[in-house]
Amino acid sequence: EKENMLASLSETIFPEKTEAPADSAHYFVLTMVDDCYAAEEQKQFMEGLKRFDELAREKFNSNFVQCSTEQKHSLLQEMETKKESAGAVNYFYNTTRSLTLQHYMSSKYYLVNVRKFEMAPGRFNGCFPVEKKSA
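Residues numbered from 1 in each chain as written. Predicted model: local features only at pLDDT ≥ 70, side-chain atom pairs only at ≥ 80, totals over all residues. Heavy atoms only, no water.

## Comments concerning the overall build of the protein
Argument step 1. From N to C terminus, the protein includes 6 helices and 0 strands.
Argument step 2. For the protein, the α and β elements follow one another from N to C terminus as α-α-α-α-α-α.
Argument step 3. What you see for the protein is a C-alpha radius of gyration of 21 Å, clearly larger than the 14 Å of a compact globule of 135 residues, by over 25%.
Argument step 4. Expressed along its principal axes, the backbone C-alpha trace of the protein runs to roughly 75 × 35 × 30 Å.
Argument step 5. Counting all 135 residues of the protein, 35% fall into the buried class.
Argument step 6. Taking all contacts inside the protein whose residues are at least 6 apart in sequence as the whole, residues at least 24 apart take part in 63%.
Argument step 7. As presented, the protein carries roughly 9400 Å² of accessible surface, and 51% of it is formed by carbon and sulfur atoms.
Argument step 8. Side chains of the protein give 17 positive and 20 negative charges; the mean places of these two sets differ by 7 Å. (Helix = DSSP H or I, 4+ residues; strand = E, 2+ residues; numbered from the N terminus. Rg over C-alpha atoms; globule rule 2.2 N^0.38 Å. Buried < 20%, exposed > 50% of the residue type's maximum accessible area, 1.4 Å probe, protein only. Contact = heavy atoms within 4.5 Å. Areas by Shrake-Rupley, 256 points an atom, 1.4 Å probe, with all protein chains shown as cover. Lys, Arg positive; Asp, Glu negative; His and termini not counted. Charge placed at Lys NZ, Arg CZ, Asp CG, Glu CD.)

## Points about the nonpolar core
Argument step 1. Grouped together as the largest cluster of nonpolar side chains are 24 residues, with contacts concentrated most on Leu9, Phe45, Phe52, Phe64, Leu75 and Phe92.
Argument step 2. Where this core is concerned, the elements lending two or more residues are α1 (2-13), α2 (25-36), α3 (39-60), α4 (69-81) and α5 (88-105).
Argument step 3. When residues of this core are assigned to their parent elements, the largest contribution, 6 residues, is made by α3.
Argument step 4. Excluding anything up to four places from it in sequence, phenylalanine 92 contacts Met5, Leu6, Leu9, Phe45, Gly48, Leu49 and Phe52. (Core = buried A, V, L, I, M, F, W, Y, C linked by side-chain atoms within 4.5 Å.)

## A look at the environment of lysine 132
Argument step 1. By secondary structure assignment, the location of lysine 132 is in the segment after α6 (108-114).
Argument step 2. Here lysine 132 falls in the exposed class, since its relative accessible area comes to 83%.
Argument step 3. With 27 residues separating them in the primary sequence, lysine 132 and methionine 105 have C-alpha atoms 41 Å apart.

## Let's talk about the packing of aromatic side chains
Argument step 1. This structure, assessed with the given rule, holds 4 aromatic pairs.
Argument step 2. Taken together through their ring pairs, the aromatic side chains of Phe45, Phe52, Phe64 and Phe92 make up a single cluster.
Argument step 3. It is lysine 72 that lies over the ring of phenylalanine 64; its NZ or CZ is 5.5 Å from the centre. (Phe/Tyr/Trp six-rings, centres within 6.5 Å; stacked < 30°, edge-to-face > 60°. Lys NZ or Arg CZ within 6 Å of the ring centre and 35° of its normal.)

## Side note on the pattern of salt bridges
Argument step 1. Tallied over the full model, the rule gives 6 salt bridges.
Argument step 2. For glutamate 58, the salt bridge goes to arginine 51, with nearest N and O atoms at 3.0 Å.
Argument step 3. Residue glutamate 58 is classed as exposed on the basis of its relative accessible area of 53%.
Argument step 4. Of the charged contacts, one joins arginine 57 and aspartate 53 as a salt bridge, the two residues approaching to 3.8 Å between their closest N and O atoms. Here arginine 57 and its partner aspartate 53 are both found in helix α3, 4 residues apart, which amounts to about one turn of the helix.
Argument step 5. Under the relative-accessibility criterion, arginine 57 is labelled partly exposed at 39%.
Argument step 6. In this structure aspartate 53 comes out as buried when scored by relative accessible area, which is 11%.
Argument step 7. Taken together, the salt bridges that share partners define one network made up of Glu1, Asp53 and Arg57. (Salt bridge = Lys/Arg side-chain N within 4 Å of Asp/Glu carboxyl O.)

The structure is reproduced here in structure tokens:
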């Protein structure tokens, strides 16, 4: 249930309008939190995850997954306005948002189609005309 909620949140943060791998963003978030964050931060993340769903229940009388798209966006807009405040819910939301965007920006789709990334040293053009500069 919590994994579905995290998947729904990741999809709401970055809607699947492209060929980007949005469906696996929540796995990336969970892996990064599990492998790269300290135990205290993991605990705060999980507490915030639980509290985030409770917040949706308090506000809309249903869990986050069952909320309408407008309700989800409304809740995320509220979280954006409280971005700097402390608390497990804000920590969870900010971490999830950051990692979801990191997942997209490191995806093959983004690097090839949006950023036009080329491996170093780049292309070699041996037939490029060289002009002498006049002094």
